[in-house]
Amino acid sequence: MLTLGIDSGSTTTKAVLFDGKEIVQTQILPTSANPKESITHLYHLLYNDDVAYTVSTGYGRSLLDQADKQITEITCHARGAAFLNPDIRAVIDIGGQDCKAILLDNGLNVVDFIMNDKCAAGTGRFIEVMMRILEEDIKNIDLFVQGHHPVNITSMCTVFAESEIVSLLAKGVDKGDIALGIINSICRRTSFFAQKLHLSGDIFFSGGLAQFEIFRSSLEEYLKIPIYTSPLSQYAGAIGAAVIGYNKVNR
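A. Region of the structure containing the sheet that holds strand β7 (residues 99–104). An order of β8-β7-β6-β9-β10 is seen for the five strands of this open sheet, with the pairing classed as mixed. In the strand order of this sheet, the two ends are held by β8 (110–116) and β10 (227–228), each with one partner. Where strand β9 (residues 203–206) lies against β10, two bridges are found, and the strand directions are parallel. Looking across to β10, one finds that phenylalanine 204 is bridged to tyrosine 228.

Here it is, written out as structure tokens:
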């Protein structure tokens, strides 16, 4: 028996198949301008006769007509992060257009959370725009900033930050130094945001930016708390949805 979890995010839509012990398959697609089409397409890519239950989560969770259950991304991200690392007691998720911090108790239940979805500053979308200005693929960011020294980026508004970066480039400032400055700005802002929950204990870092070591290490440096990731960090919401679905079927 399998369960299917699908996380319809603002930038990407992720799906996983879960057999009760392991993640047996993953898939990711751009959400695009038609999130219903993306989540439905992903459902048909992974669904098979062994799937007993489907749970959708994320911004577009209500768009999947075939879902047996719709669950908020806070609950699913927490459950998915706890599945990937049961020792964590908090989650920081930097998504395409929002940022979340979630506090867990010793039973790995959500006890509090905060969410910023009103501004793109500090999100995956922000760093994508900034890297485009620097004419560098975000996938290469760890290597791109290696050995560089961060310059101070004073603005976290996407529009003003773009102007600031263009000005720095005009002055001949090294692109790698600028990129590292942008990363430090994001991680500093995220750490101030997350500490509103008075975090303690190990933290799991999820979302698209969690695949880059420079973001993990910079966040850890600002928070002074161990931060862990996983090769499946970006799938935390979908994993949580699938795990919750499996538990519902097997009550």
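So that's the structure; there's more coming.
B. Inspection of the sheet that holds strand β3 (residues 23–30) at higher detail. What the five strands build is an open sheet, ordered β3-β2-β1-β4-β5; its pairing is mixed. In this open sheet, the two strands that pair with only one neighbour each are β3 and β5 (69–70). Two strands pair when backbone bridges link them, and strand β2 (residues 12–18) and β3 are joined in this way by seven bridges, in the antiparallel orientation. Across the sheet, threonine 13 pairs through a bridge with leucine 29, a residue of β3. Packing against the sheet, helix α1 (residues 35–46) makes contact with β1 (2–8), β2, β3 and β4 (51–58), and its axis sits at approximately 155° to β3. Lying over the sheet, helix α2 (residues 73–84) contacts β1, β2, β3 and β4, oriented at roughly 115° with respect to β4.

C. How the structure looks around the side chain of glutamate 73. Tracing the chain through its elements places glutamate 73 in helix α2. Separated by 3.0 Å, the side chains of glutamate 73 and arginine 61 make a polar contact. When residues no more than four places from it in sequence are discounted, the contact partners of glutamate 73 are Thr57, Gly58, Tyr59, Arg61, Lys100 and Met115.

D. Representation of helix α6 (residues 175–194). Compared with the 28 Å implied by 1.5 Å per residue over 20 residues, the 28 Å span of α6 between its first and last C-alpha is a close match. Backbone nitrogen of glycine 176 and a side-chain oxygen of the N-cap are separated by 2.7 Å at the start of α6; the cap is aspartate 174.

E. How the structure looks around the state of the cysteines. Throughout the structure, instances matching the rule amount to zero disulfides. In this structure cysteine 99 is a free cysteine whose sulfur lies 10.0 Å from that of cysteine 187, the closest cysteine sulfur available. Residue class for cysteine 99 comes out buried when judged on its relative accessible area of 4%.

F. Quick peek at the environment of proline 231. By the element assignment, proline 231 lies in the loop between β10 and α8 (236–249). Along the primary structure proline 231 and glycine 58 are separated by 173 residues, whereas in three dimensions their C-alpha atoms are 20 Å apart.

G. Inspection of the packing of aromatic side chains at higher detail. Evaluation of the coordinates by the stated rule reveals four aromatic pairs. An angle of 50° between the planes, with centres 6.3 Å apart, marks the rings of phenylalanine 212 and phenylalanine 215 as tilted. Take phenylalanine 212: its relative accessible area is 8%, and that puts it in the buried class. Here the aromatic residues Phe18, Phe83 and Tyr246 are joined through ring pairs into a cluster of three or more.

H. Seen up close, the packing of α6 against helix α7 (residues 213–223). The geometry of α6 relative to α7 is characterised by a closest axis approach of 9 Å and an angle of 50° between their N-to-C directions. The orientation of α6 with respect to α7, classified from their angle, is oblique. Between α6 and α7 lies a crossing of right-handed hand. Here Leu180, Ile183, Asn184, Ile186, Cys187, Arg188, Thr190 and Ser191 of α6 lie close against α7, whose contacting residues are Ile214, Phe215, Ser218, Leu219, Tyr222 and Leu223. Residues belonging to the contact of α6 with α7 are distributed by class as follows: nine nonpolar, four polar and one charged.

I. Structural view of the nonpolar core. Ranked by size, the top nonpolar core spans 45 residues in total, and within it Ile92, Ile127, Ile141, Ile182, Leu199, Phe205 and Phe215 carry the most contacts. Broken down by secondary-structure element, the contributors of at least two residues to this core are β6 (90–94), β7, α3 (124–133), α4 (141–145), α5 (158–170), α6, β9 and α7. Sort the elements by how many residues they give to this core and α6 lands first, with nine residues. In this structure, phenylalanine 215 is in contact with Ile127, Ile141, Ile183, Ile186, Cys187, Phe205 and Leu209, ignoring residues within four places of it in sequence. Leu2, Leu29, Leu42 and Ala67 belong to the second largest nonpolar core, which has 13 residues in total.

How each quantity is defined
Residues numbered from 1 in each chain as written. Predicted model: local features only at pLDDT ≥ 70, side-chain atom pairs only at ≥ 80, totals over all residues. Heavy atoms only, no water. Pairing = 2+ DSSP bridges. Helix = DSSP H or I, 4+ residues; strand = E, 2+ residues; numbered from the N terminus. Contact = heavy atoms within 4.5 Å. Axes fitted to C-alpha atoms, helices over the stretch in contact; angles between N-to-C directions. Polar contact = N/O pair within 3.5 Å; in protein donor to acceptor, adjacent residues only side chain to side chain. Expected span 1.5 Å × (residues − 1). Disulfide = S-S within 2.5 Å. Buried < 20%, exposed > 50% of the residue type's maximum accessible area, 1.4 Å probe, protein only. Phe/Tyr/Trp six-rings, centres within 6.5 Å; stacked < 30°, edge-to-face > 60°. Parallel < 35°, antiparallel > 145°, perpendicular 65-115°, else oblique. Left-handed = near helix turned anticlockwise from the far one by under 90°. Nonpolar A, V, L, I, M, F, W, Y, C, P; charged D, E, K, R; others polar. Core = buried A, V, L, I, M, F, W, Y, C linked by side-chain atoms within 4.5 Å.

Take it as geometry only, folks, not as evidence of what the structure does.
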